[in-house]
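Report on the structure
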Amino acid sequence: MNKGVWKGEQIISSEWIEQSTTLQFDRSSGSADYGYQWWVRTFGDQNYPAYFAQGHFGQYIFVVPDLELVVAFTSNYEGSTSIYWQYMNQIVNACQ
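Attention here is on the structure that accompanies the text.

Thresholds applied
- Residues numbered from 1 in each chain as written.
- Predicted model: local features only at pLDDT ≥ 70, side-chain atom pairs only at ≥ 80, totals over all residues.
- Heavy atoms only, no water.
- Core = buried A, V, L, I, M, F, W, Y, C linked by side-chain atoms within 4.5 Å.
- Buried < 20%, exposed > 50% of the residue type's maximum accessible area, 1.4 Å probe, protein only.
- Helix = DSSP H or I, 4+ residues; strand = E, 2+ residues; numbered from the N terminus.
- Contact = heavy atoms within 4.5 Å.
- Pairing = 2+ DSSP bridges.
- Axes fitted to C-alpha atoms, helices over the stretch in contact; angles between N-to-C directions.
- Phe/Tyr/Trp six-rings, centres within 6.5 Å; stacked < 30°, edge-to-face > 60°.
- Lys NZ or Arg CZ within 6 Å of the ring centre and 35° of its normal.

1. Examining the nonpolar core
- Core analysis: the biggest nonpolar cluster contains 15 residues, and F62 and M88 have the highest contact counts within it.
- Ranked by residues supplied to this core, first place goes to helix α2 (residues 82–95) with 4 residues.
- In this structure, M88 is in contact with F43, F62, V64, V71 and F73, ignoring residues within four places of it in sequence.

2. Re the sheet that holds strand β7 (residues 69–73)
- Judged by pairing direction, the sheet is antiparallel, and its 5 strands sit side by side in the order β3-β4-β5-β6-β7 without closing on themselves. Looking at the sheet topology across the chains shown, the edges are occupied by β3 (33–34) and β7.
- Note: strand β5 (residues 48–54) against strand β6 (residues 60–64), 4 bridges, orientation antiparallel. Each bridged residue has a counterpart across the sheet, and for Y51 the counterpart in β6 is V63.
- Sheet strands touched by α2: β4 (39–43), β5, β6 and β7. Its angle to β7, the strand with the most contacts, is close to 150°.

3. Thoughts on the packing of aromatic side chains
- Counted by the stated rule, this structure contains 17 aromatic pairs.
- With a centroid separation of 5.4 Å and an interplanar angle of 65°, the aromatic rings of F73 and Y84 are classed as edge-to-face. Note that F73 is positioned in strand β7 and Y84 in helix α2, a separation of 11 residues in sequence. Residue F73 shares its accessibility class with Y84, and that shared class is buried.
- Positioned above the aromatic ring of W85 is the side chain of R41, whose terminal nitrogen or guanidinium carbon lies 4.9 Å from the ring centre.

4. Brief notes about the pairing of β6
- Most of β6 sits inside the fold, with 4 of its 5 residues counted as buried.
- Pairing between β6 and β7: 5 bridges, direction antiparallel. Residue pairing for β7: Y60 is matched across the bridge by F73.

5. Digging into unusual backbone geometry
- For K3, which is not glycine, the phi torsion reads 55° and is therefore positive.
- Looking at where K3 falls in the secondary structure, it is placed in the segment before β1 (5–6).
- Residue classification places K3 among the exposed residues on the basis of a relative accessible area of 56%.
- Located in the positive-phi region is N47, a residue other than glycine, with phi close to 55°.
- Residue placement: N47 occurs in the loop between β4 and β5.

6. A few points about the environment of P65
- Relative to the helices and strands, P65 is located in the loop between β6 and β7.
- Linking P65 and P49, residues 16 residues apart in sequence, is a C-alpha distance of 7.6 Å.
- Ignoring anything within four residues of it in the chain, the contact list for P65 reads M1, P49 and Y51.

Now the structure itself:
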């Protein structure tokens, strides 16, 4: 969020933020593509660009810059990851 600026200080280069959170590898399958250590896809009816980190058993951090939105999930869910896409679509649509 904020292109690497925190409390008015650039702590990560904005160029690295841009490159790491945009498509670097098109998987041509599945529900997301890949940047550099970030998954990338869109959410909501308006297809807002987003990036996210995915951990074990439902640990997620989603970032939707156009909405200034960060969502974190911590769980122990072993089912289909599609439930998180549904949640994020609902959250993003509610923020429009």
